[in-house]
Amino acid sequence: MSETHESALPVHVVGVGLWSPGFPDAPRFLAGEPDPEVKKPPCALVKSRMKRATSVLTRSAVEVTTQAIEAAGWPLDEVATVFGSQHGEIQIAVEQMQMMQEGSGVVSPARFKNSVHNTAAGLFSIAATNKRFTTAIAAGAHTFAMCLLEAWGLMLAGEAERVVVTVGEEPLPAPITHFSPHRALALSFALARDAAPERSLGLIGRPERGEGEATPVDAGFEGHTAAGGLRLLRALHGGHEGALALSPGWQLPMRAARARAATGAAE
Amino acid sequence: MAERTPHPITAYALSCGLGRTTDEVFQALRDKRRGLREVPFEIPFEAITGTVPGGPLPPLPEPFRDRESRTARLTALGFRGIEADVLAAREHWGPERVAIVLGTSTGGIDRTEYAHFDWFGRGAPEPPALPADYDYPKQHPFHAFEDLVAEMAGLEGPRFVVSTACSSSAKVFSSARRLLELGLADAVLVGGVDGLCNTTVRGFNSLGVMASEPCRPFGAERPGMNVGEGAAFLLLERPGRAPARAWLRGVGETSDAYHMSSPEPEGRGALAAMEQALAEGGVRPEQIGYVNAHGTGTKYNDAAESKALHTLFGDGTPVVSTKAYTGHTLGACGAVEAIFSILALEEGWIPAGLGATPRDPEVHIAIPDDILRQDMRFVLSNAFAFGGNNASLLLERGES
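Residues numbered from 1 in each chain as written. Chains lettered and ligands numbered in written order. Predicted model: local features only at pLDDT ≥ 70, side-chain atom pairs only at ≥ 80, totals over all residues.

Check the secondary structure of chain B and you find 12 helices and 12 strands. For chain B, the proportion of its 400 residues judged to be buried stands at 65%. (Helix = DSSP H or I, 4+ residues; strand = E, 2+ residues; numbered from the N terminus. Buried ≥ 20, exposed ≤ 12 C-beta atoms within 10 Å, placed from the backbone.)

Let's shift gears to the pairing of strand β6 (residues 246-255) of chain B. Residues and elements named next belong to chain B. Burial within β6 is extensive, with 10 of its 10 residues counted as buried. As defined by bridge partners, strand β1 (residues 7-16) adjoins β6 across 3 bridges and the pair is classed as antiparallel. By the bridge assignment for β6, Ile9 is matched with Ala246. Pairing between β6 and strand β12 (residues 389-397): 9 bridges, direction antiparallel. (Pairing = 2+ DSSP bridges.)

Moving on to the packing of helix α7 (residues 168-181) of chain B against helix α12 (residues 333-347) of chain B. Between two packed helices, both the angle of their axes relative to each other and the distance between the axes serve to describe the pair. Residues and elements named next belong to chain B. Close contact between α7 and α12 brings their axes to 5 Å; oriented N to C, the two are set at 75°. Taken as axis vectors, α7 and α12 run roughly perpendicular relative to one another. When α7 is examined against α12, the residues Ser168, Ser169 and Ala170 are found in contact with a partner set consisting of Cys333, Gly334 and Ala335. Among the residues forming the contact of α7 with α12, the class breakdown is 3 nonpolar, 3 polar and no charged. (Axes fitted to C-alpha atoms, helices over the stretch in contact; angles between N-to-C directions. Parallel < 35°, antiparallel > 145°, perpendicular 65-115°, else oblique. Contact = placed C-beta atoms within 7 Å. Nonpolar A, V, L, I, M, F, W, Y, C, P; charged D, E, K, R; others polar.)

We now examine the confidence of the model for chain B. In this model, chain B carries an average pLDDT of 96, and 98% of its residues clear a pLDDT of 70 or more. Scoring of the predicted complex yields 0.97 for pTM and 0.97 for ipTM. (pLDDT = per-residue confidence, 0-100.)

The next point concerns the interface of chain A and chain B. Many structure descriptions define interface size as the accessible area lost when the parts assemble. Contacts between chain A and chain B engage 52 residues on the former and 52 residues on the latter. Looking at the side of chain A that touches chain B, the elements that each hand over two or more residues are α5 (90-100), α6 (109-113), α7 (119-127), β3 (134-138) and α8 (143-156) of chain A. Bridge analysis of β3(A) against strand β3 (residues 159-162) of chain B gives 2 bridges, and the strand direction is antiparallel. Paired with Ala138(A) across the bridge in β3(B) is Val161(B).

Counting 222 residues, the largest nonpolar core has Val163(A), Val188(B), Val190(B), Leu234(B) and Ile339(B) as its most contacted members. Beyond its immediate chain neighbours, meaning those up to four positions away, Val163(A) contacts Val79(A), Ala80(A), Val82(A), Ala151(A), Leu154(A), Met155(A) and Leu191(A). (Core = buried A, V, L, I, M, F, W, Y, C linked by C-beta atoms within 7 Å.)

This part covers α7(A). For α7(A), the tally of buried residues reaches 9 of 9 residues, placing the bulk of the element in the interior. Taken residue by residue, α7(A) has Thr119(A), Ala120(A), Ala121(A), Gly122(A), Leu123(A), Phe124(A), Ser125(A), Ile126(A) and Ala127(A) as its buried positions. On its buried face, α7(A) is in contact with α3 (48-51), α4 (56-72), β2 (80-84) and β3 of chain A together with β6 and β12 of chain B. Of the residues one or two after α7(A), Thr129(A) is the one with positive phi, at around 50°.

For the rest of this paragraph, the subject is unusual backbone geometry. Looking along the chain, the bond that leaves Ala174(A) and enters Pro175(A) is cis, with omega of 10°. Mapping Pro175(A) onto the fold places it in the loop between β4 (162-169) and β5 (185-192). A cis amide bond links Thr357(B) to the next residue, Pro358(B), at an omega of 0°. Following the sequence through the fold, Pro358(B) ends up in the loop between β9 (349-350) and β10 (372-373). Despite not being glycine, Lys32(B) shows a phi value in the positive range, around 60°. As for its placement among the helices and strands, Lys32(B) is situated in the loop between α1 (22-30) and α2 (70-79). Under the C-beta neighbour-count criterion, Lys32(B) is labelled partly exposed, with 13 such atoms within 10 Å. Positive phi, close to 55°, is recorded for Ala257(B), a residue that is not glycine. Structurally, the position occupied by Ala257(B) is in the loop between β6 and α9 (268-281). Given 22 C-beta atoms within a 10 Å radius, Ala257(B) is considered buried.

Turning our eyes to something else, we now look at the environment of Ser108(A). The topology assignment puts Ser108(A) in the loop between α5 and α6. Judged by the 16 C-beta atoms lying within 10 Å of it, Ser108(A) is partly exposed. For Ser108(A) and Ile92(A), which are 16 residues apart along the polypeptide, the C-alpha to C-alpha distance reads 9.9 Å. If near-sequence neighbours (up to four positions away) are discounted, Ser108(A) is found in contact with Met99(A) and Ser206(B).

What follows is the structure, given as structure tokens:
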């Protein structure tokens, strides 16, 4: 591996987080052993009072963000965060539309304040007392790629040393479910410019144009907003090296720590 | 903190409650006319909104009819004013080198309101019988209106939407700056669009902050806020193609870490965002000629922001909330008010602080009652949001 190639992979992945019905975390997901008891994201970081009237999307996003930061061994208040979702708080949005047609036609203030796209970003910042940069992004099928691009930009421009990227979706409710029958899933990656060798799960570069390798995505999550992220998760776990397909037309150069160890490349 | 490289803003355009074109909007601001009027749909309570004047918004051009939404129509209307500049930038830099980063809080949610209202109570066959002209993927999601811009302008650079509620289209400036500084684009079309919809009008009413009369930011007799709508676009690019109408000198972005819908009462997060923006530009508070406040006209926002402003500027620097004219354009307000700030720099005047007299006795900042003429080199423009999400823009007078 040349130094040039190595410097094109300037960002370490140092922690991951995952939640989906049946899967409380990334190891259980990678093992492919669903637990039927896992139905709601625990989101233990957030007090019950604050969790009330929040969506599965928000609670799962905060849950996996916390998992990724804790896996990285970082304080919760010393990271910048980038949250992404294609559909956002769609369950609350449609629930409010129903309220508009019932009774007095007014909506719930508790639901409304948790209906914005940055609800997870806000809730995490409050629960973690994190006053740093946070954002919430949407870019259709390219949402995960653009979140990584924003995180890469924050780090390379010197605005943040550590960034957590979290993407998630919850199912579309009736009457629009059929437009995208995706499942609930939230996925998080803790990224840093520097990491101790034993902490690094692998290196990634800048999301770039290209049709990278479309390695298989777990059954039921093909076409999911987080599909590129699941591909990265499997690649890190499986010792992959190369350019991974993130979304149509966007790819991510990466090398898993296990691949780096196998080739003897320098850190 | 190291100073950041200044980036030229070479063009801008907007539509909002004050007018359909940039000229109309600016003239209304000069005339001290408010753009607050009837809500363009039925609601079960009294309210006025910053509705774009002149009746129904023009339909989308023929090839884009299937992208229908109020936000999409507003997008097309506002984009007309900057189209020639964007096409010139595309010609100069190449379509793949012009990125788009836009802010919105709702995207095309009004289309799902329309479909849901039509469907609700009529039973639920599978798939549900929804209006034939409703197309969720092309109309509702956040990226839909941005795809419309990309197609109208023929732009192929990276694009994404920032949706952090009312700070969305202030934060797009820092995203764009990163794309420029890291060589991923030579020009970035930034901005924000939010069309009026039931979700926001009824939502803010549920919080008990909606007014049925014009808002009075920082005034003792404030009745609450008015939701507004707007589409505002600005072109950031590498130097050389076109003269800078203004320079982006700093962006401050912080989190309150306090409450989902109320600002931290002492305004600490807002203060930190303004300080960060100033530090990025290497500019001292006394060099700021004008602050375009977030100034929603609600008690808690006005109190927190005015404390932060007083800490930084005392009662000397003029502060105005232009939401008294436009209403709160939500995801568009960062870009709308950045354009008002640039107008102040270009023409050397500060809008009148409508409705701020008599002043809230807790507010200790300088708000001009009438238009104030003065030359300025720097302005700050604030945008704060649900989730305690704060952004502050530092802008410098350009070359024109």
